[in-house]
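Tertiary structure, described
What follows is the residue order along each chain.
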Amino acid sequence: MTATRTLLLTGASRGIGHATVRRFNAEGWRVITCSRHPFPDECPWGGGAANHIQIDLASPNDVIEKVEVIRGMLGGRLDALVNNAGISPKGPEGGRLNTFDTDLRTWGHVFHVNFFASVVLARSLKDELAAAKGAVVNVTSIAGARVHPFAGAAYATSKAALAALTREMAHDFGPLGVRVNAIAPGEIRTDILSAGTEELADTIPMRRLGEPGEVADTVYFLCTSPSAYISGTEIEINGAQHV
Ligand code: NAD
């Protein structure tokens, strides 16, 4: 009998994270969810309070402290870590927050959530990932590679940094048997989107936004054996946007 596999997922409360919980639960995985909020009474995702950890990824101290709690929950092995949580502060009237209008506090906040938390979790759980010959998936963005009409300067650069981190980690974790990849979504129908994103659908060759479940399917692929020799790559999920 195969042992139950475990996923640790940040930003589980809604959107792509919520769809990812459902996808992995459906395949029989135990999913440990991380979110800023306590486990809700009426829970939209599986796993139960015993598999939930309240953590503010914007606070490096909180992340470092909670790593010990997470380690205790894992029992020595971690099959997959998905660094999914992300924030995208909007500019005036919901538009792109440009380089000049982003204050230093915002640059720091965005980098803590979108980048540093992923570094801390992955390097702190190296032994557990190695024990399972596990996989890491970092959720980046198409905005990390090209200026985007709605994504801000801090958001885009944090995602570019996360893409670079993915390659560095794939190099360093490879000898441990741990694979590290990124997925770069385009316009996926979640709360993070700006008003007006729907109009972008007409410019996307597939003429529609993506759905969170479609991203979750790719995350699942990258965490399981059909992708056994894929590491250090970034898969765009964008309906051919920007081709
Ligand atoms: P979302 O806003 O619905 O979800 C973001 C998640 O991150 C939420 O669960 C939120 O609670 C969590 N989060 C935010 N700040 C946090 C903090 N300080 N501590 C802990 N958790 C925190 O958006 P989504 O679209 O589901 O985003 C998921 C990932 O996909 C993000 O990294 C986002 O940048 C990326 N992404 C999304 C799109 C898109 O079109 N939806 C496109 C490109 C990239």
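Read on for an overview of the structure. (Residues numbered from 1 in each chain as written. Predicted model: local features only at pLDDT ≥ 70, side-chain atom pairs only at ≥ 80, totals over all residues. Heavy atoms only, no water.)

1. Points about empty space enclosed by the protein
What the rule picks out here adds up to 1 cavity of 30 Å³ or more. Looking at the largest cavity, its volume works out to about 30 Å³. For the largest cavity, the full set of lining residues is Thr10, Leu57, Asn83, Asn84, Ala85, Val113, Ala117, Ser118 and Leu121. For the lining of the largest cavity, the element with the highest residue contribution is helix α3 (residues 104-124), accounting for 4 residues. Broken down by class, the residue content of the lining of the largest cavity amounts to 5 nonpolar, 4 polar and no charged. (1 Å grid on protein atoms, 1.4 Å probe; cavity = no way out; pocket = protein on both sides within 12 Å on 5 of 7 lines; lining within 4 Å. Points joined across faces, edges and corners; volume = space filled by probe spheres on them. Helix = DSSP H or I, 4+ residues; strand = E, 2+ residues; numbered from the N terminus. Nonpolar A, V, L, I, M, F, W, Y, C, P; charged D, E, K, R; others polar.)

2. Some thoughts on the site of the ligand
Taken together, 29 residues form the shell around the ligand, and within it Asn84, Tyr155, Lys159, Ile188 and Thr190 come nearest. The separation between an oxygen atom of the ligand and a polar main-chain atom of Ile188 is 2.7 Å. Protein chains shield 97% of the accessible area of the ligand, which is 830 Å² for the free molecule. Elements represented by at least two residues in the shell around the ligand include exactly α1 (15-26) and α5 (153-173). Tallied by class, residues from the shell around the ligand come to 14 nonpolar, 9 polar and 6 charged. (Near = heavy atom within 4 Å. Polar contact = N/O pair within 3.5 Å; in protein donor to acceptor, adjacent residues only side chain to side chain. Areas by Shrake-Rupley, 256 points an atom, 1.4 Å probe, with all protein chains shown as cover.)

3. Some details on the nonpolar core
Among the nonpolar cores identified, the biggest contains 33 residues, and Leu8 and Leu81 are the most heavily contacted of them. Looking at which element gives the most residues to this core, the answer is α3, with 7 residues. Among all residues touching Leu8, those that are not within four sequence positions of it are Ile32, Cys34, Ile70, Leu78, Ala80, Leu81, Val82 and Leu125. If you look at the next biggest cluster of nonpolar residues, it comprises 20 residues, including Val82, Val219, Leu222 and Ile237. (Core = buried A, V, L, I, M, F, W, Y, C linked by side-chain atoms within 4.5 Å. Buried < 20%, exposed > 50% of the residue type's maximum accessible area, 1.4 Å probe, protein only. Contact = heavy atoms within 4.5 Å.)

4. Overview of the layout of surface pockets
Taken as a whole, the largest pocket holds about 880 Å³ of empty space. Along the walls of the largest pocket sit 44 residues, with Asn84, Ala85, Gly86, Ile87 and Ile192 positioned nearest its centre. Tallying contributions element by element places α1 first for the lining of the largest pocket, with 3 residues. Partitioned by chemical class, the residues of the lining of the largest pocket number 19 nonpolar, 18 polar and 7 charged.

5. Here's the deal with α1
Between the first and last C-alpha of α1 there are 17 Å, a value that for 12 residues agrees with the 16 Å anticipated at 1.5 Å per step. Within the sequence span of α1, burial applies to Ile16, Gly17, His18, Ala19, Thr20, Val21 and Phe24. Those residues of α1 hidden inside the fold are in contact with β1 (6-10), β2 (30-35), β6 (179-185) and α7 (212-222). Where α1 terminates, the next one or two residues include Gly28, which has phi positive at roughly 90°. (Expected span 1.5 Å × (residues − 1).)

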